[in-house]
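Residue-level structure breakdown
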Amino acid sequence: MDCPKCGKQMEEGWLAIYEPLPITRVVWQPVEPGQVRVKKPEGAVRVIRPKAGGKGCPTGHICKACEMTVFSYAESDVT
Ligand SMILES: [Zn+2]
């Protein structure tokens, strides 16, 4: 995959969470996060569902020059 910012080849890997808790929620959301979050905002999409043994991590690509990541949260792209 090419970087959407600079166009160079991106490095493949996984997005991962270390020391995940059952309550951990990683979402994409359409509004800027505030200081206090009681619940996810309307329109938010859960993109990582951490599971035991390092499971639940989506594959993705990184461009370290641009500090850009691109990943899919489709079930078929999650290990
Ligand atoms: Zn780039």
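First things first, this report covers the structure right here in the doc. Quick caveat, the model's predicted, so the values are computed rather than measured.

The next subject is the sheet that holds strand β1 (residues 11–14). Read across the open sheet, the three strands follow the order β1-β4-β5; overall the sheet is antiparallel. Across the chains shown, the open sheet's two edge strands, defined by having one partner strand only, are β1 and β5 (68–71). The average undirected angle you get between the axes of adjacent strands in this sheet is 35 degrees. Note: strand β4 (residues 59–63) against β5, four bridges, orientation antiparallel. In the strand pairing of β5, I62 is matched with T69.

The next point concerns the pattern of salt bridges. Oppositely charged side chains can form a pair if their charged atoms are brought close together. By the definition in use, this model includes one salt bridge. For E11, the salt bridge is made with K64, and the minimal N-O distance between the two is 3.3 Å. In this pair, E11 is assigned in strand β1 and K64 in the loop between β4 and β5, connecting sequence segments 53 residues apart.

Despite not being glycine, E67 shows a phi value in the positive range, around 55 degrees. Along the chain, the position of E67 falls in the loop between β4 and β5. A residue is classified by how much of its surface remains accessible, and E67, at 74% relative accessible area, is exposed.

Analysis parameters
Position labels on residues start from 1 in each chain and follow its written sequence. With the structure being a predicted model, the display of local features is reserved for residues of pLDDT at least 70 and the display and counting of side-chain atom pairs for 80 or more, all residues being used for whole-chain, interface and lining totals. Here the side-chain values reflect all heavy atoms present in the structure, with hydrogen atoms and water set aside. Pairing between strands requires that DSSP locate at least two bridges from one strand to the other. Only DSSP runs of H or I covering at least 4 residues are called helices, and only runs of E covering at least 2 are called strands; the numbering of each starts at the N terminus. Helix axes are fitted to C-alpha atoms over the stretch in contact, other axes to C-alpha atoms as well, and angles between N-to-C directions run from 0 to 180 degrees. The term salt bridge refers to a pairing of a side-chain nitrogen on Lys or Arg with a carboxyl oxygen on Asp or Glu at a separation within 4 Å. Accessible area is worked out with a 1.4 Å probe on protein chains only. A residue is then buried under 20% of its type maximum, exposed over 50%, and partly exposed in between.

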